[in-house]
Amino acid sequence: MRLDHFLPILTRRKGREARPARWLFQVVSRLVPSCWLSNPQTRQAGLARRWLKWIGPTWLSSPVRRGVQGTCLILFLWFFFYSCWPYRAQPAPVWKGWVPEEVDAETGRIRMVSEEQALASLSENGRVYVFDDAHPGEKPGYLGAFIIQRIAQDAQKSATEGDVATRSLNRERSAAKIVALHLRPEQAISPESLEKLSVSTGPWSITTRPPGQWPSHYADDFARQDRVPVETFLLIDPLVGISTALAAKTWMWSLWGAAIILTLCVLIPRGFCGYLCPLGTVIDLFDWAIAGRVKRFRVSDQGWWVHIKYYLLFGVLVAALGGVLISGFVSAIPVLTRGLLFLLAPLQLGFMRGWHQVPPIDFGQIISIALFFGVLGLGFFRPRFWCKYVCPSGAAFSLGNLFRISERKVEDTCIHCNKCVEICPFDAIKPDFTTRTTDCTLCQTCGGVCPTHAIKFVERSNRVALKVENDPPTHEHSLSNDVRWLLSLNPKSEIRNPKPNFLRRLLPNIQLNSGAEPRWLRSFAQTSIGRRSFVASGLSLLAGLMGGLGASFAVKTFGANLKAPKQWRPVRPPGSVPEQQFLELCIRCGECFKVCPNNVLQPLGFRQGLEGLWTPHVAADWAGCEPSCNACGSACPTGAIRALPLDEKRVARMGLALVNEETCLPLAGKEACQLCVDECAAAGYDAIEFVRVHTKTDAAGKPVDGTGFLAPKVQPDKCVGCGLCQTRCFSINVKTKKLLQTSAIIIEAGDGKEDRIASGSYWNLRVKSIKGKHAQPSESSSSGTQSYLPEFLERSPGPPQK
């Protein structure tokens, strides 16, 4: 089995004939001109080789790996900046200002005109819905569905001349370019509808969205962009799936992603780190541009830091077993997504939508930015320091390398030139030029610089013409040597303990003679670790254990404290699972922030302690949840936010709107205000109604006309806690008019104010809850009537069928 895909150096192998052209070379030779390829006989470099040499030595030695790296980084950036960009979505357009010019009293065919408008989304034989806007301030009257027969883009002559009077079209407008629509009813029209058409003088409006249909433009647009899931790279980070499953004590569907990538890495050990990880590619770019040019902070490749990744992995898994999820703080992909979210996403939003839409930064975001730059800054110590020594996701793949079926091998033609050691990006080559198999990513960069072609990538069991190990001496102690040392009574005198200690009893059948150790023990020992380092490693593992337990205890003690009475609760996204489970599942990746239009979801600071840091909450002072959007659940990689259909999302309660009677302008008797009522009605919830307050009475106790105010009153059965009312009150009464210090209507979460279920239908939950509140004792066993249900529940078709 040959897995070679590196670009070999132009030389002959020492003492052997040149290796025949590999399968990759044969394929490429059929696809590109011959002048692009090198001639191994004359050692003449082709255009492709000269171009790759100009880019850099790693591109020259392993162009396939670099190409895959670049492709994955571009794909990741495409997901993040394009697929997660919500502002392409537009609601169904509404064209206003149409004047009916002709109405056929028998067939219902109509001709209406308006000033020139952009009608690109309309076409002949398309369906439109016509509304009468003759009474401003009232709900438009529905006139019916019509089919477009003809669109006349320049109908000036027809509108100004003819037998039919243009009635509402005045002479000033007649000189302008106008457009005419010829419509016919979609179905046979009733006499009552004909009468409405005949007596209405306009203006009319038309739209392509049926009356009463819930808007879905954000959800539809994201569904088109999410054909390839935007959270793909998060799903294939195994530490994300494993830690969330341990923290939640349940099987997570994200474990399938971890299982798939770990299975693929059996063939290509640590292939995720060497080929796919976008954070590794960003680190490479940073090292090339900045860190690689500064040498004063360099450290050795031997030291206590070389095994940090295993200690971090151990601590993360121990904390997850304690119900505390800290993998999002140190896993590769969440670190990158948060870094881009807090650094580059505001720039994208500011340049493309306006800087006024960029939310302010807080201390928690500064910490995340510092963590991201800290990961990059480790490159000042050694290139790819994070990937080599620190990344716990890489440690998970390193442990997976124990089950590899392929491996880097060095043949006996090796001339000890040290070029492979110098170019290896993962410090996976020992001083004797053999492989530290737990660190090797099969990137094949070393193969492209070997002057004798002594390096090959083959099956693990291959033993053909291999060089002698420990030549030159590595002065590295294998793990089996250290076990052998621990089995001694006196390490200095090497005197055996006549009484077997616990390690001897634990490993009774293992032969610890030189070279006779079992394969799994030799495989795990392919790292530079001396006797003192072995003891230090044991202490470090103990520190990882204590650190994980300590983190779990500290977070539980000083975290959200959900059992405390009257504890503040953040308003979570619609579809969020119960709070304790939410905190155990959320990895703080930031995907939900990026897909959320208008930055409704923002990262929480330290108000819930470290346990709630960077988790999403609804910042209703900034913006309210769009009724047509359900993207946050679709983008969540762990199920902390459930992926809800739009029919389910619009009835899922995030919180409850509460009116402050002391500051609300009408309730305080200061002035009339109906901002929240209008905003709720425009969203389609109609959860806020008017009540009259401060009405004066005459001597007979009767109300005096024209006194008092209409004040808002929230109907809890209809309110879903979207926050649009709070946004409107804050933006007008607080920021613009400066009449209030805080919004007079706010959204609160907590028991009885929100629906948080891990499975099941929100629609059924709402119907059951409302029925339970309104059912009479005598009706408890009957189905009862639904006349008391909110309008959006009455007209809803019910929960979507699976």
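In what follows, the accompanying structure is described. (Residues numbered from 1 in each chain as written. Predicted model: local features only at pLDDT ≥ 70, side-chain atom pairs only at ≥ 80, totals over all residues. Heavy atoms only, no water.)

Comments concerning the overall build of the chain
Phase 1 of the analysis: Across its full length, the chain holds 33 helices and 16 strands.
Phase 2 of the analysis: Within the chain, buried positions represent 50% of all 802 residues.
Phase 3 of the analysis: Intrachain contacts of the chain at a sequence separation of at least 6 include 75% that bridge at least 24 residues. (Helix = DSSP H or I, 4+ residues; strand = E, 2+ residues; numbered from the N terminus. Buried < 20%, exposed > 50% of the residue type's maximum accessible area, 1.4 Å probe, protein only. Contact = heavy atoms within 4.5 Å.)

Considering the environment of L75
Phase 1 of the analysis: With respect to the helices, strands and loops of the structure, L75 is situated in helix α4 (residues 63–83).
Phase 2 of the analysis: For L75, a relative accessible area of 37% translates into the label partly exposed.
Phase 3 of the analysis: Separated by 158 residues in the primary sequence, L75 and F233 have C-alpha atoms spaced 9.6 Å apart.

Thoughts on the sheet that holds strand β6 (residues 204–207)
Sheet strands associate in pairs through backbone hydrogen bonding, adopting either a parallel or an antiparallel arrangement.
Phase 1 of the analysis: Read around the closed barrel, six strands run β1-β2-β5-β4-β3-β6, paired in antiparallel fashion. Recorded for the sheet is a direction-independent mean angle of 45 degrees between the axes of neighbouring strands.
Phase 2 of the analysis: The strands that helix α7 (residues 191–199) touches are β1 (94–103), β4 (141–152) and β6; relative to β4, the one it contacts most, it runs at about 70 degrees. (Pairing = 2+ DSSP bridges. Axes fitted to C-alpha atoms, helices over the stretch in contact; angles between N-to-C directions.)

Some thoughts on the pattern of salt bridges
Phase 1 of the analysis: Within the structure shown, the criterion is met by 19 salt bridges.
Phase 2 of the analysis: Of the charged contacts, one joins D284 and R384 as a salt bridge, the two residues approaching to 2.9 Å between their closest N and O atoms. Here D284 is found in helix α13 (residues 278–289), whereas its partner R384 is found in the loop between α18 (363–377) and α19 (385–390), with 100 residues between them in sequence. The exposure classification of D284 matches that of R384, with both residues buried.
Phase 3 of the analysis: Note that D647 and R650 form a salt bridge whose closest N and O atoms lie 3.6 Å from each other.
Phase 4 of the analysis: Since its relative accessible area comes to 28%, D647 is described here as partly exposed.
Phase 5 of the analysis: In this structure R650 comes out as buried when scored by relative accessible area, which is 5%. (Salt bridge = Lys/Arg side-chain N within 4 Å of Asp/Glu carboxyl O.)

Remarks on a nonpolar patch on the surface
Phase 1 of the analysis: A cluster of nonpolar side chains, L344, L347, F351, M352 and W355, forms an exposed patch at the surface whose accessible area comes to about 570 Å².
Phase 2 of the analysis: Of note, F351 is situated in helix α17 (residues 345–353).
Phase 3 of the analysis: Taking the relative accessible area as the measure of exposure, F351 reaches 66% and is therefore exposed. (Patch = residues over 30% accessible without salt bridge, like charges linked within 9 Å, V, L, I, M, F, W, Y side chains within 5 Å. Areas by Shrake-Rupley, 256 points an atom, 1.4 Å probe, with all protein chains shown as cover.)

Looking at the nonpolar core
Phase 1 of the analysis: If you look at the biggest cluster of nonpolar residues, it comprises 115 residues, and the most contacted ones within it are L279, W386, Y685, I688 and I745.
Phase 2 of the analysis: For this core, the element with the most residues is helix α16 (residues 332–343), which contributes seven residues.
Phase 3 of the analysis: Excluding its chain neighbours within four sequence positions, the residues that come into contact with W386 are L279, I283, V330, V375, L378, C391 and P392. (Core = buried A, V, L, I, M, F, W, Y, C linked by side-chain atoms within 4.5 Å.)

Side note on the pairing of strand β7 (residues 406–410)
On a regular strand, each side chain points to the face opposite its neighbour's, so the side chains alternate between the two faces of the sheet.
Phase 1 of the analysis: By the criterion of burial, β7 is predominantly enclosed, with five of the five residues buried.
Phase 2 of the analysis: Residues S406, R408 and V410 of β7 are buried on one face, and the alternating residues E407 and K409, pointing to the opposite face, are buried as well.
Phase 3 of the analysis: Bridge count between β7 and strand β8 (residues 455–459): five bridges; the pairing is antiparallel. When the sheet's bridge partners are listed, S406 is paired in β8 with E459.

Topic: the environment of E626
Phase 1 of the analysis: As for its position among the elements, E626 is in the loop between β12 (616–618) and α28 (631–635).
Phase 2 of the analysis: Spatially, the C-alpha atom of E626 lies 8.6 Å from that of V600, the residues being 26 residues apart in sequence.
Phase 3 of the analysis: Aside from chain neighbours lying at most four places away, what touches E626 is Y218, P597, N598 and K649.

Focus on helix α20 (residues 392–400)
Phase 1 of the analysis: Most of α20 is tucked away: seven of the nine residues are buried.
Phase 2 of the analysis: When we look at burial in α20, the residues that qualify are P392, S393, G394, A395, A396, F397 and S398.

The values are spatial; any link to function lies outside them.
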